[in-house]
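Geometric and topological summary
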Amino acid sequence: MIGYYVHHQGRGHLHRAQSIAAHVDGPVTLLSSLPRPAAWQGPWVSLPADTTDAPRDPTARGRLHWVPQHHPGHRERMGLIAEWIRRRTPSLFVTDVSVEAAALARLMGVPVVVTAMRGDRSDAGHRLGYDLADALVAPWPAALPEPGWPDSWHRKTLYTGSISRYDGRPRPPAGDDAPGRDEVVLMFGAGGSDLPAGALHAARRATPGWSWTVLGGPQAAWTDDPWPVLCRARVVITHAGQNAVAECAAARVPALVIPQDRPHGEQHATARALDAAGLATVRATWPAAREWPALLARTAARPDRWAQWSFGDGAVRAARLLSELARTSTGRAACVPR
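Rules of the game
- Residues numbered from 1 in each chain as written.
- Predicted model: local features only at pLDDT ≥ 70, side-chain atom pairs only at ≥ 80, totals over all residues.
- Heavy atoms only, no water.
- Phe/Tyr/Trp six-rings, centres within 6.5 Å; stacked < 30°, edge-to-face > 60°.
- Helix = DSSP H or I, 4+ residues; strand = E, 2+ residues; numbered from the N terminus.
- Buried < 20%, exposed > 50% of the residue type's maximum accessible area, 1.4 Å probe, protein only.
- Lys NZ or Arg CZ within 6 Å of the ring centre and 35° of its normal.
- Pairing = 2+ DSSP bridges.
- Axes fitted to C-alpha atoms, helices over the stretch in contact; angles between N-to-C directions.
- Core = buried A, V, L, I, M, F, W, Y, C linked by side-chain atoms within 4.5 Å.
- Polar contact = N/O pair within 3.5 Å; in protein donor to acceptor, adjacent residues only side chain to side chain.
- Disulfide = S-S within 2.5 Å.

1. Regarding the packing of aromatic side chains
- Following the criterion strictly, the structure yields seven aromatic pairs and no others.
- Judged by centre distance (5.9 Å) and plane angle (70°), the ring pair of Y130 and W149 falls under edge-to-face. Of this pair, Y130 sits in helix 4 (residues 124-132) while W149 is found in the loop between strand 6 (135-138) and helix 5 (151-155), placing the two residues 19 residues apart along the sequence. Accessibility classification places Y130 together with W149 in one group, the buried group.
- Between Y130 and W153 the ring centres are 4.7 Å apart and the planes differ by 65°, which places this aromatic pair in the edge-to-face class. With Y130 in helix 4 and W153 in helix 5, this residue pair connects regions lying 23 residues apart in the sequence. Residue Y130 shares its accessibility class with W153, and that shared class is buried.
- Of the aromatic side chains, those joined through ring pairs into one cluster are Y130, W140, W149 and W153.
- Cation over ring: R118 sits above W140, and NZ or CZ is 4.5 Å from the ring centre.

Here is the structure:
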């Protein structure tokens, strides 16, 4: 049995966990405070929320990330994880992502795999989580490493390339629902948006030759399956979350990436890697209205280099590692395939 902790922010962590679990040898239990998805047929442990507007010492004086004192939801959450480990004695515990869940599992003697994130992870909490992990899974290519990592992290990291629920999914045939004009798709995530007020309206007015489709965010309803829309788009505009970039890469669609502010500079770090490799058009902020016509035309004309980021089997590579570590239960770094 493998335990797999899934963070509640956005939907990317859950999509990645489900994609990987589908290829693992043996049962996988997901533990999360997210609603259980209808498509998940395996074991699921529902965790209570541990959020609060007035946390007391939530970082343990800078040593951890989220351990608010005297919070009943946090106490119950950690207790349920510990009780599940005690009862089920998993051979491996995966976190995507939580330093505290990783530390708890390792304190109980269970080998741990941590899903790595881009950005500055030099704080004490991340150093603890990455150091105690038996292996790290980095959902990006080894050719575009995150700068500043110590050698000890690199040695135990499996670089899978991006992991998307759409890897290997056939492109839908062109249908009658395709717009008559070139289509630009603006894809928001479930983790929030910092789009300036009125910016979308101004961009639409500046590009009369383009049809705009909005997925998610404050401007449109959430879309569970954006694959057909992504595949028919001439350009996709998205933030730099790992899952959003992975879905664009799986669709092999030209992308304009505008990173949003996230803890540890995660999205800005991803955007820098994409820009350095010439995989996407990157802008630090939302463009002015007058810039949009040339920007969309230039992005649409980009050569497709997404194969450098998306190998098409990232979930299979990650699952192979988890299956091997679960079988051996040694957690030796030598088990990490290259």
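From this point on, the discussion continues.
2. Some points on the sheet that holds strand 2 (residues 28-32)
- Spatially, the seven strands line up as an open sheet ordered 3-2-1-4-5-6-7, and their pairing is parallel. Strands at the two margins of the open sheet, each flanked by one partner only, are strand 3 (44-46) and strand 7 (157-159). The sheet shows a mean angle of 20° between the axes of neighbouring strands, direction not considered.
- Where strand 6 meets strand 7, three bridges bridge the pair, whose relative direction is parallel. Of the residues in strand 7, the one forming a bridge with L136 is T157.

3. Overview of the pairing of strand 8 (residues 182-187)
- Burial runs high along strand 8: five of the six residues are buried.
- In terms of strand pairing, strand 8 meets strand 9 (residues 210-215) through six bridges, oriented parallel. In the sheet register, V184 faces strand 9, and the bridge partner there is W212.
- Taken together, the four bridges between strand 8 and strand 10 (residues 235-238) define a ladder with parallel strand orientation.

4. Considering the nonpolar core
- Grouped together as the largest cluster of nonpolar side chains are 59 residues, with contacts concentrated most on I81, F93, Y130, W149, V236, W306 and W309.
- Element by element, the count of residues in this core is highest for helix 8 (residues 242-251), at six residues.
- Counting 27 residues, the second-largest nonpolar core is a separate cluster that includes V24, I163, A315 and L325.

5. With respect to the side chain of T299
- Mapped onto the elements of the fold, T299 is located in helix 10 (residues 292-300).
- By relative accessible area, which is 0% here, T299 ends up buried.
- A polar contact is formed between the side chain of T299 and the backbone oxygen of L295, at a distance of 2.9 Å.

6. Quick look at the state of the cysteines
- Applying the stated criterion to the full structure yields zero disulfides.
- Summary of cysteine pairing: C248 is not part of a disulfide, and the nearest cysteine sulfur, belonging to C231, is at 11 Å.

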